[in-house]
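Now for the letters of each chain:
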Amino acid sequence: MKCSSGKKTLFKILTCALGAGISMMFLLFILGGGFMKQTYLEPWNRDYASHMADPRVRLAAAGLLAANNHNMQPWKVKLDQEDPMVFYLYADGSRATKEVDPLYRQLMITQGTFLEYVKVAGEKEGFHTDITIFPEGDYEEDSILQSMDQKPVARILLSPGNMEESPLYPEMFLADTNRGNYKKEAPDPSQISVLLNLSDENGLSMKFYTDHDNLKKIGKYVMEGAEIEAGVTRVMDESNAIFRTNEKEKNQYRFGYSLEGQGVSGLKKCMLQGIITLFPTLKEGKGASENFIRYTKTAVTHTPSYAMILSRDNSRTDQVRSGMLYSRLVLTGHTLDLTMQPLSQVLEEYPEMKQTYENFNHEYASRGQTVQMLLRIGKPVKPAPYSMRRDVLSLIKE
Ligand SMILES: Cc1cc2nc3c(=O)[nH]c(=O)nc-3n(C[C@H](O)[C@H](O)[C@H](O)COP(=O)(O)O)c2cc1C
């Protein structure tokens, strides 16, 4: 008799605990935005651009999918009112990440990634895209933010061409950046040779490293860069401020970082988003820095090869062209089942990184050359999730 009432009490306690657990999970799921529509992913839909009547806007919608620094999407597009075949790309200086990118180099590379996507989408639409970089002259470096507002990065002239089934076009609809683990095998020599052939005549070159010594050495630089960055509060604060905690924030802002970028998905993502919504300090300070070091370490450990894009000089045009080459590399890489992740810390130009930056450049660039992009490359263990994108119409400048 006694024994059966004890069992009943235990059963009640377990039922209560289970109920509380389920309620808690449900609460976290709701807080994380589990039932919300993900409008921030709409630009990834294959038919998203087709709703736009103006072909220039359709091409801008393709550009919007390109890799870009800190997912800031710092682009403005101006449609020529007189000529329906012309549009302009401007850098959006209000979206600069000044702490991490004080010389706006990554911002300029990001202009190039956009332009290459426009070119690939143009071919698919039956246009030849004639891109002139800095058609109204270079920026005034002393008042660069003002200059970004006044001078376009590129003039894009469309002319009728052959409608071509570009092999790169479908690859634009895959996420560009995979921060997850890569398989052990490095790209083979024939794949590397295809990728090396992508560099153009503009003083840009690429290098690939698959040997043990360089993997170790570059990995060490990547970790050193990450550790320095993790210790610079203003740089970390800048990144943490654009971390979108839950689905509501992602729909509201549609740019910046989110948990997906760290490879978290599904129910786990919703739960974690709920937890961070309840305890927002989790995305800041020491915890965020440690998390950054931890996932960089995991990435480095699962990297079979590194690549670099180098330019002979470091003009704004070189930076834009490096971005174009990077997009070409990403898209061609996808056709070879290869994925990439830029690892920019060691290339960043803020004072605390200076020594490491110089050591790295001394070791990996010839005199005068600039390493514009450093990236890991390999076969992904899991596909990369999509990141937020703005509505293309918000890019259009009056
Ligand atoms: C110039 C440049 C620098 C970047 N640096 C880094 C980096 O250091 N680490 C990283 O994980 N991703 C880096 N990225 C990738 C962006 O964070 C990524 O493109 C953006 O978040 C959008 O995600 P998606 O490429 O998957 O669409 C960089 C991209 C560009 C264009």
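Residues numbered from 1 in each chain as written. Predicted model: local features only at pLDDT ≥ 70, side-chain atom pairs only at ≥ 80, totals over all residues.

What follows covers the overall build of the protein. Scanning the protein from N- to C-terminus turns up 12 helices and 9 strands. Taking 398 residues into account, the globule formula puts the C-alpha radius of gyration at 21 Å, and the protein, at 23 Å, falls close to it. Oriented by its inertia axes, the alpha-carbon framework of the protein measures out at about 90 × 50 × 45 Å. Within the protein, the fraction of its 398 residues that count as buried is 41%. Within the protein, contacts between residues at least 6 apart in sequence are counted, and of these 80% link residues at least 24 apart. (Helix = DSSP H or I, 4+ residues; strand = E, 2+ residues; numbered from the N terminus. Rg over C-alpha atoms; globule rule 2.2 N^0.38 Å. Buried ≥ 20, exposed ≤ 12 C-beta atoms within 10 Å, placed from the backbone. Contact = placed C-beta atoms within 7 Å.)

The next point concerns the site of the ligand. With respect to spatial proximity, 21 residues lie near the ligand, and among them A67, N71, D176, T177 and S344 are the closest. Those elements that place two or more of their residues in the shell around the ligand are helix 3 (105-125) and strand 7 (339-342). At 4 residues, helix 3 tops the list of elements feeding residues into the shell around the ligand. When residues are assigned to domains, the shell around the ligand turns out to be shared by domain 1 (39-173 + 386-397) and domain 2 (189-378), each giving three or more. (Near = placed C-beta within 6 Å. Domains from an automatic or database assignment.)

One recurring pattern in soluble globular proteins: nonpolar side chains tend to sit buried together. Residues A62, L89, Y117 and L374 are the most contacted members of the largest nonpolar core, which totals 78 residues. Considering every element that reaches this core, the biggest residue donor is helix 3, with 9 residues. Each of domain 1 (39-173 + 386-397) and domain 2 (189-378) contributes no fewer than three residues to this core. Setting aside residues no more than four positions away along its own chain, Y117 makes contact with A62, G63, L65, A66, M172 and S327. (Core = buried A, V, L, I, M, F, W, Y, C linked by C-beta atoms within 7 Å.)

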